[in-house]
Amino acid sequence: MNPAPHDPITSNQFSNIQSTNWGIIAPGRIARKFADDLRLVPGAKLHAVASTNLGRAEEFAKIYDVPHVFGKYEDIVKCPDLDVVYIATPHTGHCAATVMCLENGLPVLCEKAFAMNLAEAKLMTSSARKNGVFLMEALWTRFIPAVREVFNLLKNNEIGEVHTIRSSFGFHAPFDPEWRIFNKKLGGGSLLDVGVYPILLSNFVFGKPKTRDILAAATFTETGVDKDCAMIFKFDGGKLSILNSTISSNVPMIAQIFGKKGTITLHPRWHHTQKISISEFDDPNRTEIVRDLEFPYEGWGYSFEQIHVMECLQQNLKESPLVPLKFSEDLMATLDAVRGKIGLKYD
């Protein structure tokens, strides 16, 4: 098992965080949630927004009181006093927008899936390293308080050696061939949109699976993207990850981590859960003992990754110690391997 490192970020303590001016590229649905949560973080200021549609950017700016508005993505790099850019375009736009910002010295928090493939991901990470600029994939799940506690429990061997992970993520999406979810030209499908969540949990705990040890099958929409994807990852020592993603049905949003001494359950919706349960057995009677732990928070849950990015910038870090660039490359490599197994190809 390869548990994530101890979390050094004190996400509920804001006193030492310096003022940070944020910019947003592509003010869509997820960007609005992100902007909502920026309001919860003292010192965080939404300073600029850029869209390919100036009217959309102006509407967003009016709602969130953003002083600098741009009708082209590339114009945001000219914005004065901008500290970091959050990129919320469809997957197909991540690489170009990220590299553009990095080459102009702007730190980036880029939405997942990080890129369309490993080749793009490596372009992004190499640009960050070459230019000496901070870059992180927006894996907000890693910073949710309850999830951080799960990693602490694993580090402390609370449930013994982990042997199995079960995780599902999905919802019913009404079919619309032009919607990003179903549009192949925009990187649609369940795998890149929501399958990244079960895979990131597996990769955080077990590491990247070997391609030969990945089993996967999928069903497809008439637009040629996966609507259901089932995956099994095998690891040395008899360890397994059993994962699935779907955009065709509302599935139980639960994740479970099974160890030799007990089980950790992340309750719905597990990727930003506020409750976990630890089930242990009192040998020799095999009596189950269940402990519930709750971690309430305000907002959507994006504030914790926002705080982390701000602290990384304050410490002049070039990548996150909790979501390092190598992790994002490995995650993208895993997604590529699954796509190969199910026969999903993008233009």
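Anything mentioned here points back to the structure above.
Values in this document were obtained by computation on a predicted structure and should not be read as measured data. (Residues numbered from 1 in each chain as written. Predicted model: local features only at pLDDT ≥ 70, side-chain atom pairs only at ≥ 80, totals over all residues. Heavy atoms only, no water.)

Caption draft 1: Seen up close, the overall build of the chain. A count of helical and extended segments in the chain gives eight helices and 14 strands. Computed over the C-alpha atoms, the radius of gyration of the chain is 20 Å, within 12% of the 20 Å expected from 2.2 N^0.38 for a compact globule of 347 residues. Along the first, second and third principal axes, the C-alpha set of the chain runs to 65 × 50 × 35 Å. Residue burial in the chain is summarised as follows: out of 347 residues, 54% are buried. In the chain, of all internal contacts separated by at least 6 residues, the share reaching a separation of at least 24 is 68%. A gap of 4 Å separates the mean positions of the 37 positive and 39 negative side-chain charges of the chain. (Helix = DSSP H or I, 4+ residues; strand = E, 2+ residues; numbered from the N terminus. Rg over C-alpha atoms; globule rule 2.2 N^0.38 Å. Buried < 20%, exposed > 50% of the residue type's maximum accessible area, 1.4 Å probe, protein only. Contact = heavy atoms within 4.5 Å. Lys, Arg positive; Asp, Glu negative; His and termini not counted. Charge placed at Lys NZ, Arg CZ, Asp CG, Glu CD.)

Caption draft 2: Expanded view of the packing of helix H3 (residues 94–103) against helix H4 (residues 118–131). In contact at an axis separation of 9 Å, H3 and H4 are set at 5 degrees when each is read in the N-to-C sense. Judged by the angle between their axes, H3 and H4 are roughly parallel. Side by side, H3 and H4 meet where His94, Cys95, Thr98, Val99, Leu102 and Glu103 of the first sit next to Glu120, Leu123, Met124, Ser127, Ala128, Lys130 and Asn131 of the second. Of the residues that constitute the contact of H3 with H4, the class distribution is six nonpolar, four polar and three charged. (Axes fitted to C-alpha atoms, helices over the stretch in contact; angles between N-to-C directions. Parallel < 35°, antiparallel > 145°, perpendicular 65-115°, else oblique. Nonpolar A, V, L, I, M, F, W, Y, C, P; charged D, E, K, R; others polar.)

Caption draft 3: Region of the structure containing the side chain of lysine 112. Locating lysine 112 in the fold gives a position in the loop between strand E5 (108–110) and H4. For lysine 112, a relative accessible area of 9% translates into the label buried. Within the structure, the side chain of lysine 112 is placed 3.0 Å from the side chain of glutamate 111, a separation counted as a polar contact. Within the local environment of lysine 112, its side chain forms a polar contact with the side chain of tyrosine 197, the two groups lying 3.0 Å apart. Residues contacting lysine 112, with those up to four places away along its chain left out, are His91, His94, Glu137, Ala138, Leu139, Trp140, Val196 and Tyr197. (Polar contact = N/O pair within 3.5 Å; in protein donor to acceptor, adjacent residues only side chain to side chain.)

Caption draft 4: Structural view of H4. Here H4 contains 14 residues, and its C-alpha end-to-end distance of 20 Å stays within 8% of the 20 Å for a straight helix at 1.5 Å per residue. Restricting attention to buried positions, one finds in H4 the residues Ala121, Met124, Thr125, Ser127 and Ala128. Buried residues of H4, seen end-on, are gathered within an arc of 155 degrees and therefore sit on one face of the element. In this structure, H4 carries Ala119, Leu123 and Lys130 as exposed residues pointing more than 90 degrees from its buried face. Where H4 is buried, its residues touch H3, E5, strand E6 (135–137) and helix H8 (325–342). Between the side-chain oxygen of the N-cap and the backbone nitrogen of alanine 119 there are 3.2 Å, and the N-cap of H4 in question is asparagine 117. Positive backbone phi, approximately 65 degrees, marks glycine 132, located one or two places after H4. (Expected span 1.5 Å × (residues − 1). Arc of directions from axis to C-beta.)

Caption draft 5: Looking closely at the environment of isoleucine 254. Considering the arrangement of structural elements, one finds isoleucine 254 in the loop between strand E10 (239–246) and strand E11 (255–259). Here the alpha-carbon distance between isoleucine 254 and isoleucine 342, two residues 88 residues apart in the chain, equals 24 Å. Among residues more than four places away in sequence, those in contact with isoleucine 254 are Arg166, Ser167, Ser168, Thr265, Leu266, Pro268 and Trp270.

Caption draft 6: Up close: the packing of helix H6 (residues 190–206) against H8. Remark: H6 packs on H8, axes separated minimally by 10 Å, with the N-to-C direction vectors making an angle of 120 degrees. The orientation of H6 relative to H8 falls into the category oblique. As for the relative orientation of H6 and H8, their crossing is right-handed in sense. Residue-level contacts link Leu191, Leu192, Val196, Ile199, Leu200, Asn203 and Phe204 of H6 to Phe327, Asp330, Leu331, Met332, Thr334, Leu335, Val338 and Arg339 of H8. Grouping the amino acids of the contact of H6 with H8 by side-chain chemistry returns eleven nonpolar, two polar and two charged. (Left-handed = near helix turned anticlockwise from the far one by under 90°.)

Caption draft 7: The layout of surface pockets, seen in detail. If you add up the space inside the largest pocket, you get close to 860 Å³. Those elements giving two or more residues to the lining of the largest pocket turn out to be helix H1 (29–38) and H6. Considering only residue class, the lining of the largest pocket consists of 16 nonpolar, eight polar and eight charged. (1 Å grid on protein atoms, 1.4 Å probe; cavity = no way out; pocket = protein on both sides within 12 Å on 5 of 7 lines; lining within 4 Å. Points joined across faces, edges and corners; volume = space filled by probe spheres on them.)

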